[in-house]
Amino acid sequence: PGPGAADKKKTVQGKPIVVLYGSNTGTCEALANRIASDAGDHGFKAELVDILDSAKENLPTDKPIVIVTASYEGQPTDNASHFVNWIKGLKESELANVSYAVFGCGHRDWAKTFQEIPKFLDTAMEARGGSRIVPMGTADAAKGDIFTEFETWEDQVFWPAMKERYGTSDAAEGLSFETSLGVEIS
Ligand code: FMN
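Thresholds, definitions, all that
- Residues numbered from 1 in each chain as written.
- Predicted model: local features only at pLDDT ≥ 70, side-chain atom pairs only at ≥ 80, totals over all residues.
- Heavy atoms only, no water.
- Helix = DSSP H or I, 4+ residues; strand = E, 2+ residues; numbered from the N terminus.
- Buried < 20%, exposed > 50% of the residue type's maximum accessible area, 1.4 Å probe, protein only.
- Contact = heavy atoms within 4.5 Å.
- Polar contact = N/O pair within 3.5 Å; in protein donor to acceptor, adjacent residues only side chain to side chain.
- pLDDT = per-residue confidence, 0-100.
- Phe/Tyr/Trp six-rings, centres within 6.5 Å; stacked < 30°, edge-to-face > 60°.
- Near = heavy atom within 4 Å.
- Areas by Shrake-Rupley, 256 points an atom, 1.4 Å probe, with all protein chains shown as cover.
- Nonpolar A, V, L, I, M, F, W, Y, C, P; charged D, E, K, R; others polar.

Novice: Looking at this structure, I do not really get the environment of Asp-140. What am I missing?
Specialist: Inspection of the secondary structure assignment puts Asp-140 in strand β6 (residues 137-140). Judged by its relative accessible area of 6%, Asp-140 falls in the buried class. Each C-alpha atom, one on Asp-140 and one on Gln-115, is 8.8 Å from the other, the two residues being 25 residues apart in sequence. Those residues in contact with Asp-140 that lie beyond four places of it in its chain are Gly-106, His-107, Arg-108, Phe-114, Ile-146 and Glu-149. From its side chain, Asp-140 meets the backbone nitrogen of Ala-142 in a polar contact 2.9 Å long.

Novice: Just to check I follow, could you spell out the confidence of the model for the chain for this structure?
Specialist: Any region with low pLDDT has predicted coordinates that should not be read closely. Mean pLDDT over the chain: 90, with 85% of residues reaching 70 or higher. Every residue in residues 4-11 is under pLDDT 50, and counting partners more than four places away or in other chains gives nine contacts. Here residues 174-180 scores under 50 on pLDDT; set against residues more than four positions off or in separate chains, the count is eleven contacts. As a predicted assembly, this complex carries a pTM of 0.89 together with an ipTM value of 0.99.

Novice: Would you explain the packing of aromatic side chains in this entry?
Specialist: Between two aromatic rings, the relevant description is the distance of the centres plus the angle of the planes. If you walk through the whole model with that rule in mind, you get eight aromatic pairs. The interplanar angle of 65° and the centroid separation of 5.6 Å between the aromatic rings of Phe-83 and Trp-86 together place this pair among those described as edge-to-face. Remark: Trp-86 and Phe-83 occur in helix α3 (residues 81-89); sequence separation between them is three residues, near one turn of the helix. Side by side, Phe-83 and Trp-86 carry an identical accessibility label, which is buried. Between Phe-150 and Trp-153 the ring centres are 6.5 Å apart and the planes differ by 40°, which places this aromatic pair in the tilted class. Of the two residues, Phe-150 and Trp-153 both sit in helix α5 (residues 146-166), three residues apart, roughly one turn of that helix.

Novice: Just checking my understanding: could you explain the site of the ligand for this structure?
Specialist: In the neighbourhood of the ligand, 19 residues make up the surrounding shell, with Ser-23, Thr-25, Thr-27, Tyr-72 and Thr-113 lying closest. Residue His-107 places a main-chain N or O atom 3.1 Å away from a nitrogen atom belonging to the ligand. Contacts to the ligand include Thr-113, whose side-chain N or O atom sits 2.6 Å from an oxygen atom. Within the complex, 84% of the 650 Å² of free accessible area of the ligand lies under protein. At the level of elements, α2 (27-39) and β4 (99-106) are the ones that each hand at least two residues to the shell around the ligand. Here the shell around the ligand is composed, by residue class, of seven nonpolar, eleven polar and one charged.

What follows is the structure, encoded as structure tokens:
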């Protein structure tokens, strides 16, 4: 690195969020990564993007959590079953101080269990003391374009509520030199 290289180093700032997903075929994982890469534009930084099972008995209480998950025959994805069972077993206010938002991917052909797991988590986490940041978002794969429904929720519901609640502002309003990924640029 030449002279002045240190000055060019930019570390991402922004309030930390954690993004967790349950995904068998990659849709919810892709949306989770999308939230993470968009976070910087809204004054946040995704500190972690990981499977739901990694957060079993271990949900952060000091930063907001975004969950993107699907259902298979009304059951959780393979990488979310331990997490869902853990939530099912809670009986009191174990999730006090947990702030969360849920986005569900589903397919209406599974009518009886449409969005079963996202709906369960959204309801049960509040019942166990958690604080829901925004109404749950959903996308229906039967419509063929999950990303459009997701983007509408993200841009019109999720980020506006996050900014209101945590007092951040858009990148254009002062964070324009930050990247949205957790990398240092030198
Ligand atoms: N969607 C629902 O809403 N409820 C279901 O019970 C349900 N069962 C499914 C069973 C199978 C075998 C398949 C292939 C899909 C099912 N779906 C159901 C739709 C998926 O949840 C949906 O396609 C989702 O976007 C998949 O997310 P993923 O790619 O992250 O795994």
